[in-house]
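Fold and geometry: a report
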Amino acid sequence: MRKVVKQVAGIDVAQKELVVTLGRMLDDFSIELFSYKVFKNNDSGVKLLVDWVNKLTDYEVPVRYVMEATGVYHQKLAYYLVDNGCEISIVLPNKISNYIRTLELKTITDKSCSQAIAQFGLERKLDKWAKPKSIYKELQQLTRERDQIVQERSVIKNQIHAEKTESEPNQKSLERMQARIRFLNSQEKEIKADITDIVSKDPDLKQVLNNITTIPGVGELTAVIVLAETNGFELIRNKSQLSSYAGLDVKEKQSGTSVKGKPRISKKGNRNLRKSMHLPSLTAVKWDENFKNIYARLISKNGIKMKALVAVQRKILELIYILFKNETVYDKEYITKNSAQTQMV
């Protein structure tokens with residue numbers, strides 16, 4: 001009788017459902033996907049999921065729960081599993097999507113995705129996930145709340161502009177909208193004060209932020225957003241992964257000589273991380289010679305300003321990662337040296 005050497009529960013996480021496929025690897029390295037079920041993505045559904053897995057798997061071999069990092073929808077499940085002593089791995093979405101393409105699936109459904117995740121977990125040696133530091137979790141909640149306030153304020157400002165251009169503006173409507181602007185401003189001020197207070201109480205985090213903010217255009221709020229959205233780069237192993245996670249990686253559709261689409265960024269990553277790079281890139285190309293030269297060179301090459309700006313955004317994000325990993329500050333000569341080395345290879 002063949003012996004089970006590895007067991008995985010591959011989970012495709014959605015807002016309301018958890019689609020699960022159980023798989024195992026045998027001692028002859030063959031893989032079996034042997035059971036499938038759908039659970040509700042709530043407290044009772046998570047408990048039923050764990051009970052189901054325990055009933056169908058070999059208790060002598062640990063089960064690794066594998067899932068994608070899907071915004072906030074996977075968090076409740078991940079926290080419950082860790083708190084109950086389960087082993088879990090959380091994989092960046094681009095890794096799973098790239099793996100699925102190698103399988104050449106004709107149709108992609110929730111079931112086939114969970115099967116692919118289970119198979120991926122069986123074939124790969126994955127890192128064991130641990131709960132994020134509470135400080136990063138709290139900072140993420142605050143920065144996302146602030147982003148919602150900024151978006152809401154922008155909508156109201158547009159409404160005020162539209163009202164003022166009316167032939168007969170309603171003054172009471174304007175007063176109410178302006179009062180909402182003042183209220184949102186006060187809330188944003190409170191959130192920024194909370195962020196500052198959290199950072200000031202952690203000397204290590206403060207030092208990291210001091211290093212990161214030596215990059216032109218990167219302020220403390222931007223640095224906090226990047227660290228909060230990546231959990232201190234917990235799942236990131238290289239610059240390419242980071243670009244993919246932010247959705248700043250370039251995708252190009254090309255087939256033979258007949259099909260050639262324009263290169264575009266994927267936009268399939270973390271939108272909060274991607275958005276945080278916009279304003280820093282505008283500042284960097286204005287005030288820093290390195291970024292200004294990159295921006296000018298790319299515009300002269302393809303004539304598209306936004307494409308050049310996205311390249312600068314990607315470069316800034318990669319630099320933040322490098323400074324974090326190396327515990328150092330921005331070196332103005334780094335980009336020049338790195339570009340020269342790249343051209344020599």
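What comes next is a walk through the structure. Predicted model only: the values in this text are computed from it and were never measured.

Aromatic ring pairs are reported here in terms of the distance separating the ring centres and the angle at which the planes meet. Evaluated as defined, the whole model comprises six aromatic pairs. With 5.2 Å between their ring centres and 65 degrees between their planes, phenylalanine 233 and tyrosine 321 make a pair best called edge-to-face. Placement of phenylalanine 233 in the loop between helix H8 (220–230) and helix H9 (239–246) and of tyrosine 321 in helix H13 (residues 305–326) is noted, with a sequence separation of 88 residues between them. The buried category is assigned to tyrosine 321, whose relative accessible area is 8%. On the numbers, 5.0 Å between centres and 55 degrees between planes, the contact of phenylalanine 233 with phenylalanine 324 is tilted. In this pair, phenylalanine 233 is assigned in the loop between H8 and H9 and phenylalanine 324 in helix H13, connecting sequence segments 91 residues apart. Across the pair, phenylalanine 324 and phenylalanine 233 agree in class, each one buried. Following the ring pairs from residue to residue traces out a cluster consisting of Phe233, Tyr321 and Phe324. The cationic tip of arginine 24 hangs over the ring face of phenylalanine 34; the distance from NZ or CZ to the ring centre is 4.0 Å. Just above the ring of tyrosine 36 sits the side chain of lysine 111; from NZ or CZ to the centre is 4.8 Å.

If you look at the biggest cluster of nonpolar residues, it comprises 53 residues, and the most contacted ones within it are Phe233, Phe291, Ile316 and Ile320. Looking at this core, the elements that each hand over two or more residues are helix H5 (134–164), helix H6 (171–200), helix H7 (203–212), H8, H9, helix H11 (278–287), helix H12 (289–302) and H13. With twelve residues, H13 is the single largest residue contributor to this core. Not counting residues within four places of it along the chain, the set of residues in contact with isoleucine 316 comprises Ile215, Val218, Met277, Pro280, Ser281, Ala284 and Phe291. Counting 23 residues, the second largest nonpolar core, distinct from the first, contains Ala9, Ile11, Ala78 and Cys86.

Basis of the calculations
Residues numbered from 1 in each chain as written. Predicted model: local features only at pLDDT ≥ 70, side-chain atom pairs only at ≥ 80, totals over all residues. Heavy atoms only, no water. Phe/Tyr/Trp six-rings, centres within 6.5 Å; stacked < 30°, edge-to-face > 60°. Helix = DSSP H or I, 4+ residues; strand = E, 2+ residues; numbered from the N terminus. Buried < 20%, exposed > 50% of the residue type's maximum accessible area, 1.4 Å probe, protein only. Lys NZ or Arg CZ within 6 Å of the ring centre and 35° of its normal. Core = buried A, V, L, I, M, F, W, Y, C linked by side-chain atoms within 4.5 Å. Contact = heavy atoms within 4.5 Å.

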